[in-house]
Structure formats: C-alpha cells, structure tokens
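Residue-level listing of the chains:
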Amino acid sequence: MRSTIVSFLQNGRGRQLQAALSDDIVFHSPVRDYRGRTEVAHILSTIHTVLDTIDPQRELVGDRDTVTIITARYGAQRMTGVLFETSDQLGRIEHATLLLRPLGALLDAIAGMRTALQLGGQP
C-alpha cells in the first residue's frame with residue numbers, strides 16, 4: 001500500500017504523518033478544507049480516533065498521485081470511499097481529498113467528529 005494517509009489512519013503513527021505532509025498541504029474533507037501541516041495532522045488524528053476501521057481495497061498509483069478505494073466503519077455503519085493524494089517533488093503530500101458515502105453513515109460520522117473535536121479542541 002502506498003497511501004500514507006490510509007496507513008496513518010490504520011496505525012496512527014503521528015510523527016511519521018507530520019514528516020510526510022507538505023508545509024502547505026490542503027486536505028479536502030467531506031465537510032470543509034483544512035490547510036497547513038498542523039491543522040491537517042490534527043484533523044487526520046481525529047479521524048483516526050473516530051473511525052472504527054479504514055481498509056484499502058484497491059490503489060491506483062501514478063508518478064505523484066495515489067487514488068485509494070477504501071471501506072470504513074463508524075459504529076455498525078459501513079462506508080465506501082475514495083482518498084486522492086498528490087505529492088510534491090520531495091514526496092510529501094501536498095493535496096488530499098476524502099470522499100465517503102452513503103450520506104446517512106457519513107452524517108453520523110461527522111457528528112462523531114464534531115464531538116471529538118469539541119473534546120480535543122478545534123484545529
């Protein structure tokens with residue numbers, strides 16, 4: 001598996017994630033955009049604690065792009081999605097977009113994220 005973000009979401013290795021992100025990274029979540037290494041690392045760490053599982057199903061890898069088809073669980077609800085990552089010339093992630101479905105499960109996961117962010121502070 002090549003996806004740095006999926007690997008982090010499965011294993012939660014924070015220092016490795018920080019080093020893998022560009023200073024100017026932009027992460028497009030299903031809710032909003034996050035910018036900068038600190039803010040993106042924080043939201044990905046929160047996603048790691050909220051989702052029960054995230055599993056890659058298939059990856060498509062280009063020179064600087066990785067598209068990972070994923071399944072995820074939030075409680076008893078199963079979601080499918082796509083994570084698109086683009087790396088800079090140094091190999092650090094500079095753009096990432098996460099898409100998840102179905103909407104009902106996504107909305108419940110968003111509520112879980114909101115609670116986790118309120119408990120841990122907003123990025």
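Data block above holds the structure.
So, here's what we can say about the structure.

## Quick look at the nonpolar core
For step 1, the next point in the chain: Counting 31 residues, the largest nonpolar core has F27, L44, I47 and M79 as the members making the most contacts within it.
For step 2, the next point in the chain: Listing elements by their share of this core, those giving two or more residues are α1 (4-11), β1 (21-28), α3 (37-50), β4 (65-74), β5 (77-87), β6 (93-101) and α4 (103-120).
For step 3, the next point in the chain: Contacts of I47, omitting those with residues within four sequence positions, involve L9, F27, L98 and M113.

## Regarding the pattern of salt bridges
In a structure, side chains of opposite charge can pair up when their charged atoms sit close to one another.
For step 1, the next point in the chain: On inspection of all chains with the given rule, the structure shows four salt bridges.
For step 2, the next point in the chain: Linking E94 and R64 is a salt bridge whose minimum nitrogen-to-oxygen distance equals 2.9 Å. One end of the pair, E94, is in strand β6; the other, R64, is in the loop between β3 (53-61) and β4, with 30 residues separating them in the sequence.
For step 3, the next point in the chain: Exposure remark for R64: the relative accessible area of 37% places this residue in the partly exposed category.
For step 4, the next point in the chain: With a closest N to O distance of 3.2 Å, D88 and R92 form a salt bridge.
For step 5, the next point in the chain: Relative accessible area serves as the criterion here: at 11%, D88 is assigned to the buried category.
For step 6, the next point in the chain: By relative accessible area, R92 is classed as partly exposed at 22%.

## A short note on the environment of A96
For step 1, the next point in the chain: On the secondary structure map, A96 appears in strand β6.
For step 2, the next point in the chain: Of the residues examined, A96 reaches a relative accessible area of 0% and is grouped as buried.
For step 3, the next point in the chain: When the C-alpha positions of A96 and D63 are compared, they lie 15 Å apart, and in sequence the two are 33 residues distant.
For step 4, the next point in the chain: Discounting chain neighbours no more than four positions away, the residues touching A96 are I5, V26, F27, H28, F84 and E85.

About the thresholds
- Residues numbered from 1 in each chain as written.
- Predicted model: local features only at pLDDT ≥ 70, side-chain atom pairs only at ≥ 80, totals over all residues.
- Heavy atoms only, no water.
- Core = buried A, V, L, I, M, F, W, Y, C linked by side-chain atoms within 4.5 Å.
- Buried < 20%, exposed > 50% of the residue type's maximum accessible area, 1.4 Å probe, protein only.
- Helix = DSSP H or I, 4+ residues; strand = E, 2+ residues; numbered from the N terminus.
- Contact = heavy atoms within 4.5 Å.
- Salt bridge = Lys/Arg side-chain N within 4 Å of Asp/Glu carboxyl O.

Any link to function would need more than the numbers given here.
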